[in-house]
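Chain residues, written in single-letter form:
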Amino acid sequence: MKDVTDRPLVIAGTTYSSRLIIGSGKYQNFQENLAALEMSGAEIITVAIRRVNLGQNSDEPSLLEVISAEKYTILPNTAGCYSADDAVRTCRMARELLDGRKLVKLEVLGDQKTLYPNVTETLAAAEALVKDDFDVMVYTSDDPLIAKRLEEIGCVAVMPLGAPIGSGLGIRNPTNIRLILDNATVPIIVDAGVGTASDASIAMELGCDGVLMNTAIAEASKPVLMASAMKKAVESGREAYLAGRMPRRLYASASSPIDGTFF
Amino acid sequence: MHVTVNGEGLDLEKATSLQQLLAHLNIGEGRIAVELNGEIVAKSQISRQALVEGDKIEIVQAIGGG
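**Here we look at the overall build of chain B**
Now for step 1: When you go through chain B residue by residue, the secondary structure sums to 1 helix and 5 strands.
Now for step 2: For chain B, the α and β elements follow one another from N to C terminus as β-β-α-β-β-β.
Now for step 3: Computed over C-alpha atoms, the radius of gyration of chain B comes to 12 Å, within 12% of the 11 Å expected from 2.2 N^0.38 for 66 residues, which places it in the range of a compact globule.
Now for step 4: The principal-axis extents of the C-alpha atoms in chain B amount to approximately 40 × 25 × 20 Å.
Now for step 5: Looking at chain B residue by residue over its 66 residues, the buried ones come to 41%.
Now for step 6: Counting only contacts in chain B whose residues sit at least 6 apart along the sequence, the fraction spanning at least 24 positions is 49%.
Now for step 7: Here chain B displays about 3300 Å² of accessible surface, and carbon together with sulfur accounts for 48% of that area.
Now for step 8: The positive charge centre, built from 5 side chains, and the negative charge centre, built from 9, are 10 Å apart in chain B.

**A word on the packing of aromatic side chains**
Residues and elements named next belong to chain A.
Now for step 1: The full count for this structure, using the stated rule, is 1 aromatic pair over all chains.
Now for step 2: With 5.2 Å between their ring centres and 70 degrees between their planes, Phe-262 and Phe-263 make a pair best called edge-to-face. By the burial criterion, Phe-262 is exposed, and Phe-263 matches it.
Now for step 3: Sitting over the face of the ring of Phe-134, Arg-95 holds its NZ or CZ atom 3.9 Å from the ring centroid.
Now for step 4: The cationic tip of Lys-105 hangs over the ring face of Tyr-139; the distance from NZ or CZ to the ring centre is 5.9 Å.

**Focus: the interface of chain B and chain A**
When the parts of a complex come together, some accessible area is lost, and that lost area is often taken as the interface size.
Now for step 1: The interface of chain B with chain A comprises 25 residues on the first partner and 31 residues on the second.
Now for step 2: The contact between chain B and chain A buries some 2500 Å² in all, and 55% of this surface belongs to carbon and sulfur atoms.
Now for step 3: Looking only at chain B, the three residues that lose the most surface to chain A are Arg-31, Gln-61 and Gly-66 of chain B, adding up to 28% of its buried area.
Now for step 4: Between the two partners, chain B and chain A, sit 5 salt bridges.
Now for step 5: The salt bridge involving Arg-89 of chain A is made with Glu-35 of chain B; its shortest N-O contact spans 2.5 Å.
Now for step 6: Inspection of the region where chain B meets chain A yields 17 residue pairs in polar contact (both at pLDDT 80 or more).
Now for step 7: Among the elements of the structure, strand 3 (33-36), strand 4 (39-41) and strand 5 (56-64) of chain B are those that each provide at least two residues to the side of chain B that touches chain A.
Now for step 8: Per-element tally for the side of chain B that touches chain A: the top contributor is strand 5 of chain B, with 7 residues.
Now for step 9: When the residues that make up the side of chain B that touches chain A are grouped by side-chain class, the tally is 13 nonpolar, 7 polar and 5 charged.

**A short note on the sheet that holds strand 8 (residues 157-160) of chain A**
Residue and element names in this part refer to chain A.
Now for step 1: An order of 6-7-8 is seen for the 3 strands of this open sheet, with the pairing classed as parallel. Two strands bound the open sheet, and with one partner strand each, they are strand 6 (103-106) and strand 8. Put simply, the sheet's adjacent strands are angled 15 degrees from each other on average, direction ignored.
Now for step 2: Contacts between helix 4 (residues 119-131) and the sheet are confined to strand 6 and strand 7 (135-140), with strand 7 contributing the most and set at about 175 degrees to the helix.

**A word on the packing of helix 7 (residues 197-205) of chain A against helix 9 (residues 223-243) of chain A**
Residue and element names in this part refer to chain A.
Now for step 1: Helix 9 packs onto helix 7 with a crossing angle of 30 degrees between their chain directions and a minimal axis gap of 7 Å. By the angle between their directions, the pair helix 7 and helix 9 is classed as roughly parallel. The interaxial crossing formed by helix 7 with helix 9 has right-handed handedness. Contact residues: Ala-197, Ala-200, Ser-201, Met-204 and Glu-205 in helix 7; Ala-229, Met-230, Ala-233, Val-234, Ser-236, Gly-237, Arg-238, Ala-240 and Tyr-241 in helix 9.
Now for step 2: When its residues are assigned to classes, the contact of helix 7 with helix 9 shows 9 nonpolar, 3 polar and 2 charged.

**Remarks on the confidence of the model for chain B**
Now for step 1: For chain B, mean pLDDT is 92; residues scoring 70 or higher make up 100% of the total.
Now for step 2: The ipTM, which scores confidence in the relative placement of chains, is 0.95 for this predicted complex, and the corresponding pTM is 0.94.

**Quick word on helix 4 of chain A**
Residue and element names in this part refer to chain A.
Now for step 1: If you check helix 4, its first and last C-alpha atoms are 18 Å apart, about what 13 residues at 1.5 Å a residue would give, namely 18 Å.
Now for step 2: If you check which residues of helix 4 are buried, you get Thr-122, Leu-123, Ala-125, Ala-126 and Leu-129.
Now for step 3: Contacts from the buried residues of helix 4 go to helix 3 (84-97), strand 6, strand 7 and helix 5 (144-153).

**Looking at the pattern of salt bridges**
Now for step 1: In total, this model carries 20 salt bridges over all chains according to the counting rule given.
Now for step 2: A salt bridge links Asp-99 of chain A to Arg-31 of chain B, with the shortest nitrogen-to-oxygen separation between them at 2.8 Å. Residue Asp-99 of chain A is located in the loop between helix 3 and strand 6, and its partner Arg-31 of chain B is located in the loop between helix 1 (18-24) and strand 3; the two belong to separate chains.
Now for step 3: Classification of Arg-31 of chain B by relative accessible area gives partly exposed; the value is 21%.
Now for step 4: Connected through salt bridges with shared partners, the residues Glu-70, Asp-99 and Arg-101 of chain A together with Arg-31 and Lys-43 of chain B form a single ionic network.

**Side note on the state of the cysteines**
Residues and elements named next belong to chain A.
Now for step 1: In the structure shown here, the tally under the stated rule is 0 disulfides over all chains.
Now for step 2: Take Cys-208: it sits in no disulfide, and the sulfur closest to it among the cysteines is that of Cys-155, at 17 Å.
Now for step 3: Using a relative accessible area of 0% as the deciding quantity, one classes Cys-208 as buried.

What counts and how
Residues numbered from 1 in each chain as written. Chains lettered and ligands numbered in written order. Predicted model: local features only at pLDDT ≥ 70, side-chain atom pairs only at ≥ 80, totals over all residues. Heavy atoms only, no water. Helix = DSSP H or I, 4+ residues; strand = E, 2+ residues; numbered from the N terminus. Rg over C-alpha atoms; globule rule 2.2 N^0.38 Å. Buried < 20%, exposed > 50% of the residue type's maximum accessible area, 1.4 Å probe, protein only. Contact = heavy atoms within 4.5 Å. Areas by Shrake-Rupley, 256 points an atom, 1.4 Å probe, with all protein chains shown as cover. Lys, Arg positive; Asp, Glu negative; His and termini not counted. Charge placed at Lys NZ, Arg CZ, Asp CG, Glu CD. Phe/Tyr/Trp six-rings, centres within 6.5 Å; stacked < 30°, edge-to-face > 60°. Lys NZ or Arg CZ within 6 Å of the ring centre and 35° of its normal. Buried area = accessible area lost by both parts, 1.4 Å probe. Salt bridge = Lys/Arg side-chain N within 4 Å of Asp/Glu carboxyl O. Polar contact = N/O pair within 3.5 Å; in protein donor to acceptor, adjacent residues only side chain to side chain. Nonpolar A, V, L, I, M, F, W, Y, C, P; charged D, E, K, R; others polar. Pairing = 2+ DSSP bridges. Axes fitted to C-alpha atoms, helices over the stretch in contact; angles between N-to-C directions. Parallel < 35°, antiparallel > 145°, perpendicular 65-115°, else oblique. Left-handed = near helix turned anticlockwise from the far one by under 90°. pLDDT = per-residue confidence, 0-100. Expected span 1.5 Å × (residues − 1). Disulfide = S-S within 2.5 Å.

Okay, structure coming up:
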């Protein structure tokens, strides 16, 4: 059993004490989102970049007035982009919107039904964004070769899916996640697929550096309670990984000594 | 003067700056980003940016997403 020493989660030079990243989509309202965020202990929250509604009431608070970019790391995503060009354009808008903050979550989708990543466009976008001085956290498939390539391009974190976005199917291919982890020198964060607390624990027990989730919390009947469960699941999964689990055996191994019985 | 804002055509009575357009649309200059004909307009340049016939303007904000 290999001995694992703890190392903090460092993304683009910033150290985070929480290994849970949450989203801001699908919540009933900003207040529920903020309550879940506070309960989860997450320090990073994703947002989407979209057109301002013309004719909207400017007195209504916007997301970033409720969830402060000074208190939390706002991670703008490129959700909805199906080409490298659209993703790069979205990141540039996000950087301007966030006063020059250059951390982004790159996702280039390939198919509306599965929301599976288009890895060739993802690679092209990653290269362009790194060249343009962005810090790129990249959503990708669980292909270990592509994950390594994205690291080599200069992405600051590689984020393979556990299952399709919003599916809640859990970590469907732990073997590939392990292969990715075994070769990685940047943080590996499972992004998408988590449905409930045990899924997050499984990702962390594999040795992932973090977990990113949105729907699992937002679509729970009680999102704030699920945020609490996810916080604990990520922490306990991490501790179990560091503790080093016992080997699996096909047969039993008695816990009580065999010697000294009196019968 | 005709311009396109977030995909919608808009007729303006007279020559307008980008800042005047935002005020006309009741959009605060806080947490937004603006693109003019595909190029980002830096926040510091919004007040100085003039608009011309046919300009395409995109105004975006951060909303909930995963």
